[in-house]
2 protein chains.
Amino acid sequence: MALNNPNPLGPWKVTVYDQENFQGKRLEFTSACQNIMDCGVDNIRSLKVECGAWAGYEHSSFCGQQFVLERGEYPHWESWSGSNAYHIERMMSFRPICSAKKKRENLNHKESKMVVFEKENFMGRQWEINDDYPSLQAMGWSNNEIGSMQVQSGAWVCYQYPGYRGYQYIMECDRHGGEYKHYREWGSHAQSFQVQSLRRIQQ
Amino acid sequence: MALNNPNPLGPWKVTVYDQENFQGKRLEFTSACQNIMDCGVDNIRSLKVECGAWAGYEHSSFCGQQFVLERGEYPHWESWSGSNAYHIERMMSFRPICSAKKKRENLNHKESKMVVFEKENFMGRQWEINDDYPSLQAMGWSNNEIGSMQVQSGAWVCYQYPGYRGYQYIMECDRHGGEYKHYREWGSHAQSFQVQSLRRIQQ
């Protein structure tokens, strides 16, 4: 294996377009954008992540549906939305996920860590996690829900369905003190405790 | 961590329904189904995987779009489809993925192995992989394509977009001799070499 330097351009860079397939008005960012309309663009319809891991949001000010954006090319809304139940093709704000670990530093799988709890408020059965799980139930988790979570290190994304599909919930050690004690704290789009897969966000 | 036995019911079991949200006619399977219409059902509209990892297909006889189905609950087509570009809400056949490794046996990440190549016919730059990669470009892969693949051990799923989104291509060591030398061998739905993330299929 002799791969190129994966971070030739610095720690954070994303290029967004106001039309699908990398067409139309083009803007580059190296830090958070709270409202893309302030840049004279009505919506983001395609994007390329060139450095770092980012969180995209349906609404301005980092509200609404959440989308994990890792390095690569996203030609249209469905390429980042992960087949959510409601289709509102909007991305209006985004920011770097600063606590995401570098994958190469994380080969021993000990750097990212979180604890999931069966019930809200860190109650019930608990399980310490430091790896990716495309199916929590395959590993013996008893149902399709998580009640609460404590992120001790790194950044994580939880998904409604197995195999990293459905609603995305981004959980970070440096936000909320890493504590997410009820689904109401997972994001304004969260409507239930349903989580069936989760993984580390790495860059 | 004190979790239940993750495989209480044997190695393979899936329950399918002809209506969304686990409603309507209900059928249980412990092995492959080549055409759900032979069971008097016109389409699968929700399902629960109770044991093992399965591959679902848009058409009968394991053709068309592919869907990885790991243990858990899938209440509608979008929960397994992974936001593909074309929306034909059909799943007509499915089968166990026999070469998928047990996750617990695989903690050292040495059991599943494949080699990806820059060009078709196992040409160009190559990279041996034994871990999950939500972004190949973040790890230094130079573009958004893979030319060909050799699966040496286990089963893998490749995705069109980063973060395990878009078209799914299931690659197994015990099919095609593990050799996928052109995108035409990845499945009848494959239309390009575009692959931006891939992961092991575990159960």
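These numbers come from a predicted model, not from an experiment.

Counting residues in hydrophobic clusters, the biggest one holds 24 residues, and the most contacted among them are Ile97 and Ile201 of chain A together with Ile97 and Ile201 of chain B. Within the residue set of this core, elements represented by two or more residues are strand E4 (54-59) and strand E11 (155-161) of chain A together with strand E4 (54-59) and strand E11 (155-161) of chain B. Ignoring sequence-local partners within four residues, the contact set of Ile97 of chain A consists of Trp12, Ala53, Trp54, Ala55, Ala155, Ile170, Glu172, Ile201 and Gln203 of chain A.

Glancing now at the sheet that holds E4 of chain A. All names here are of chain A. An order of E5-E4-E7 is seen for the 3 strands of this open sheet, with the pairing classed as antiparallel. Among the strands making up the open sheet, the edge pair consists of strand E5 (63-69) and strand E7 (93-96). Neighbour to neighbour, the strand axes of the sheet diverge by 25° on average, direction disregarded.

Now for the pattern of salt bridges. The final tally for this structure, using the stated rule, is 23 salt bridges over all chains. Among the salt bridges present, the one from Arg26 of chain A reaches Glu28 of chain A, with a minimum N-O distance of 2.9 Å. Its relative accessible area of 47% is what places Arg26 of chain A among the partly exposed residues. Take Glu28 of chain A: its relative accessible area is 42%, and that puts it in the partly exposed class. A salt bridge links Asp132 of chain B to Arg200 of chain B; the nearest nitrogen and oxygen atoms lie 2.7 Å apart. Taken together, the residues span a long stretch of sequence, with Asp132 of chain B in the loop between strand E9 (123-129) and strand E10 (148-153) and Arg200 of chain B in strand E14 (residues 197-200) at a distance of 68 residues. Overall, Arg200 of chain B belongs to the buried group, its relative accessible area being 1%. Three or more residues joined by partner-sharing salt bridges are found here, namely Lys13, Arg26, Glu28 and Glu50 of chain A.

The subject of this paragraph is the UniProt feature "domain: Beta/gamma crystallin 'Greek key'" (unreviewed entry) in chain A. All names here are of chain A. The feature "domain: Beta/gamma crystallin 'Greek key'" (unreviewed entry), as annotated in UniProt, sits at residues 12-51, 52-98 and 112-153 in this numbering. Secondary structure within residues 12-51 divides into 0% helix and 50% strand; the distance between the first and last C-alpha atoms comes to 5 Å. The span residues 112-153 carries 0% helix and 48% strand; its end-to-end C-alpha distance comes to 5 Å.

Within this structure, the stated rule accounts for 29 aromatic pairs over all chains. Here the aromatic rings of Trp12 of chain B and Trp54 of chain B are separated by 6.2 Å at their centres, their planes lie at 85°, and the arrangement is edge-to-face. With a gap of 42 residues between them, Trp12 of chain B in the segment before strand E1 (13-19) and Trp54 of chain B in strand E4 connect regions that are remote in the sequence. For the pair formed by Trp12 of chain B and Trp54 of chain B, the shared burial category is buried. Grouped by ring-pair contacts, the aromatic residues Tyr167, Tyr169, Tyr183, Trp186 and Phe193 of chain A constitute a single cluster.

Residues and elements named next belong to chain A. Split into domains, chain A comes out as domain 1 (13-96) and domain 2 (113-200). Here domain 1 and domain 2 have C-alpha centroids that lie 24 Å from each other. At the junction of domain 1 and domain 2, the tally comes to 2 salt bridges. Counting every contact that joins domain 1 to domain 2 gives 8 residue pairs in polar contact (both at pLDDT 80 or more). Mapped onto the side of domain 1 that touches domain 2, the elements with two or more residues apiece are E5 and helix H1 (78-81). In terms of residue count, E5 provides more of the side of domain 1 that touches domain 2 than any other element does, 6 residues in total.

So, on to the side chain of Arg95 of chain B. Residues and elements named next belong to chain B. Along the chain, the position of Arg95 falls in strand E7 (residues 93-96). Separated by 2.8 Å, the side chains of Arg95 and Glu172 make a polar contact. Those residues in contact with Arg95 that sit more than four places away from it in its chain are Ala32, Trp54, Ala55, Tyr57, Phe62, Glu172 and Arg175.

Criteria and cut-off values
- Residues numbered from 1 in each chain as written.
- Chains lettered and ligands numbered in written order.
- Predicted model: local features only at pLDDT ≥ 70, side-chain atom pairs only at ≥ 80, totals over all residues.
- Heavy atoms only, no water.
- Core = buried A, V, L, I, M, F, W, Y, C linked by side-chain atoms within 4.5 Å.
- Buried < 20%, exposed > 50% of the residue type's maximum accessible area, 1.4 Å probe, protein only.
- Helix = DSSP H or I, 4+ residues; strand = E, 2+ residues; numbered from the N terminus.
- Contact = heavy atoms within 4.5 Å.
- Pairing = 2+ DSSP bridges.
- Axes fitted to C-alpha atoms, helices over the stretch in contact; angles between N-to-C directions.
- Salt bridge = Lys/Arg side-chain N within 4 Å of Asp/Glu carboxyl O.
- UniProt positions renumbered as here; feature names shortened; annotations may be inferred.
- Phe/Tyr/Trp six-rings, centres within 6.5 Å; stacked < 30°, edge-to-face > 60°.
- Domains from an automatic or database assignment.
- Polar contact = N/O pair within 3.5 Å; in protein donor to acceptor, adjacent residues only side chain to side chain.

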